[in-house]
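# Chains, contacts and geometry: an overview
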Amino acid sequence: MQAKLALADGTVFTGRGFGATGETTGEVVFNTSMTGYQEVLTDPSYTGQIVTMTYPLIGNYGTTPDDQESTRVQVAGFIVRELTRVPSNFRSNNSLDGFLKASNVVGIEGIDTRALVRRLRVRGSMNGILSTADLDDASLVKKAREFPGMEGRDLVSEVVPKQAFKWQNGFGEFADHVIPSRPATKRVVAIDYGMKWNILRCLTQVGCEVTVVPGTATADEVLSHNPDGIFLSNGPGDPAAVGYAIDTVKNLIGKKPIFGICLGHQLLGLAFGAKTFKLKFGHRGANQPVRNELTKQIEITTQNHGFSVDPSTLPSNVVPTHINLNDNTLEGLKHTSLPVFSVQYHPEAAAGPHDSSYLFEDFRKMMG
Ligand SMILES: NC(=O)CC[C@H](N)C(=O)O
């Protein structure tokens, strides 16, 4: 079935539809991971985004319930150069095509993803529409231009869990070598703004008993669980638009040890009085080089973000700890006297390298 992808700049790509039929709008972004498409698809931070993979052949190993990063597919749409027809893996119980169909998410294959990504790199992330229903170029471009975009949008409220719950699972025997499992000795409240489950597995793995609370929780609600430490999760949209979450973080600083990842890092920066801005085309992939400013070591990291904390706006008692070596943007910060730190990238990987898994150990040590 024919499908079209139209960008707000007027470019139209024609390919074949896969997954569900229909029409979807979103910010078109690219991910440079060679593997990990299921983790990308189910990462709630991609809410409102149509994701294209730069790796040309996607779907090789199918999909499996074990690789979910949340309950469902979260991307608005999916773009690949070539969809694997015959997936093969002992863990797989569905094809990528079947997985997207079951999730009612539209995909397109057979377009020149290299040309698309070059356009996004030169002009910046762009709004777009993916459709198997409307194939009229002018009408599609008009609809792409009407999409409101990411800036100023609170998408967290669309993906937070309805209520608090306990998380019980570590890696299991399949990945126990990455972080050896320890008995739970610390109590952590993880504030869920659209959390990737591998973060919860990592926290459990290093010996934390984790209670997950919705990202709309107040500081009093968080503290009522009497945690040893507080974790701030990743999540979708513009961090500056989530005022209620920034207020909560402000009221938690100084009360308990805090560790933030991605949106959690941005909210922490905003709570400290710093500013965030939108990157030209963001960082999404499993091969982003980061320098740890404390050890001077280089970590290859997994990333997925479109916004960034401006380090020049940090107060003097908050210092940069990690820098992205592709564009020198801020990748981590810590308070000089309080037990508070965060990273912009994803130490839980899923998928990606495990260079940064030490941060979960650091958090556990910080709790005493
Ligand atoms: N993965 C995340 O937490 C993303 C944070 C934020 N939504 C951004 O795009 O920058």
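All values reported here derive from a predicted model rather than from experimental measurement.

Domain annotation for the protein chain reports domain 1 (2-146) and domain 2 (156-366). Spacing between the C-alpha centres of domain 1 and domain 2 amounts to 27 Å. Between domain 1 and domain 2, the contact holds 29 residues from the first and 22 residues from the second. When the two sides are added together, the surface that domain 1 and domain 2 hide from each other amounts to roughly 2000 Å², 49% of it contributed by carbon and sulfur. A salt bridge links Glu69 to Arg201; its shortest N-O distance comes to 3.2 Å. Connecting domain 1 to domain 2 are 14 residue pairs in polar contact (both at pLDDT 80 or more). Residue assignment for the side of domain 1 that touches domain 2 shows that the elements contributing at least two residues are β3 (23-31) and α3 (113-123). Grouping the constituent residues of the side of domain 1 that touches domain 2 by class yields 7 nonpolar, 14 polar and 8 charged.

Counted as a void, the largest pocket has a volume near 680 Å³. Residue lining of the largest pocket: 26 residues in total, with Glu39, Asp67, Arg91, Phe174 and Ala175 positioned closest to the centre. Looking at side-chain class alone, the lining of the largest pocket contains 11 nonpolar, 8 polar and 7 charged residues. In terms of domain composition, the lining of the largest pocket takes at least three residues from each of domain 1 (2-146) and domain 2 (156-366).

So, on to the UniProt feature "binding site: L-glutamine" (unreviewed entry) in the protein chain. Within this structure's numbering, the places UniProt gives as "binding site: L-glutamine" (unreviewed entry) are Ser45, Gly235, Gly237, Leu263, Gln266, Asn304, Gly306 and Phe307. These annotated residues cover 263 residues of sequence, and their C-alpha atoms lie no more than 13.0 Å from one another, placing them together at a single site. Annotated residues from the preceding list that form part of the lining of the largest cavity: these are Ser45, Gly235, Gly237, Leu263, Gln266, Asn304, Gly306 and Phe307. Topologically, Gly237 is positioned in the loop between β13 (229-232) and α8 (243-252). When you line up the elements, Phe307 lands in strand β16 (residues 298-309).

What follows concerns the site of the ligand. In the vicinity of the ligand there are 13 residues, among which Gly235, Gly237, Cys262, Asn304 and Phe307 approach most closely. One of the backbone nitrogen or oxygen atoms of Asn304 is found 2.8 Å away from a nitrogen atom of the ligand. Across the complex, the protein chains shield 97% of the 300 Å² of accessible surface that the ligand would expose by itself. If you map the ligand onto the pockets, it falls in the largest cavity. At the level of elements, α9 (263-271) and β16 are the ones that each hand at least two residues to the shell around the ligand. No other element matches the 4 residues that β16 contributes to the shell around the ligand. Looking at the shell around the ligand residue by residue, the classes come out as 4 nonpolar, 9 polar and no charged.

Tyr193 and Leu268 are the most contacted members of the largest nonpolar core, which totals 32 residues. The set of elements that each furnish at least two residues to this core consists of β11 (186-192), α7 (219-223), β13, α8, α9, β17 (318-324) and β18 (330-335). Sorting elements by how many residues they give to this core places α9 first, with 5 residues. Leu268 has contacts with Leu232, Val249, Ile253, Ile258, Leu333, Val340, Phe341 and Ser342, leaving out every residue within four places of it along the chain.

Rules used throughout
Starting afresh in each chain, residues are numbered from 1 along the sequence in its written order. Reporting in this predicted model follows two pLDDT cut-offs: at least 70 for local features of residues, and 80 or more for side-chain atom pairs to be given and counted; totals over whole chains, interfaces and linings ignore these cut-offs and use all residues. As a rule here, side-chain values come from all non-hydrogen atoms in the structure, and water together with hydrogens is ignored. For the domain bounds, the source is a domain assignment made automatically or taken from a database. Contact between two residues is taken to exist if any of their heavy atoms lie within 4.5 Å; hydrogens are not considered. Reported buried area values correspond to the accessible surface (1.4 Å probe) lost by two parts on association, with both partners' losses combined. Here, a salt bridge means any side-chain nitrogen of Lys or Arg that lies within 4 Å of a carboxyl oxygen of Asp or Glu. Think of a polar contact as two N or O atoms within 3.5 Å of one another; within protein, one of them needs to be a possible hydrogen donor and the other a possible acceptor, and neighboring residues in sequence only count if both atoms come from side chains. Working definition: helices are DSSP H or I runs of at least four residues, strands are E runs of at least two. Numbering for both runs from the N terminus. Classification convention: Asp, Glu, Lys, Arg as charged; Ala, Val, Leu, Ile, Met, Phe, Trp, Tyr, Cys, Pro as nonpolar; all other residues, Gly among them, as polar. In this analysis the probe radius is 1.4 Å and the grid spacing 1 Å, with only protein atoms considered; a cavity is a set of points the probe fits into but cannot get out of, a pocket is an open set with protein on both sides within 12 Å along at least five of seven lines, and lining residues have an atom within 4 Å of a point. Grid points are joined across faces, edges and corners, and a volume is the space filled by probe spheres set on the points. UniProt positions are given in the numbering used here, feature names are shortened, and annotations may be inferred rather than shown by experiment. We call a residue near a molecule or strand when any one of its heavy atoms sits within 4 Å of it. A 1.4 Å probe and the Shrake-Rupley method give the accessible areas. Residues count as covered only by the protein chains that appear here. Criterion for pocket placement: a molecule counts as inside a cavity or pocket if more than half of its atoms are within 2 Å of its grid points. To qualify as a nonpolar core, a set must consist of buried Ala, Val, Leu, Ile, Met, Phe, Trp, Tyr and Cys residues joined through side-chain atoms within 4.5 Å. Only protein chains enter the accessibility calculation, which uses a 1.4 Å probe. A residue is then buried if its area is under 20% of the maximum for its type, exposed if over 50%, and partly exposed in between.

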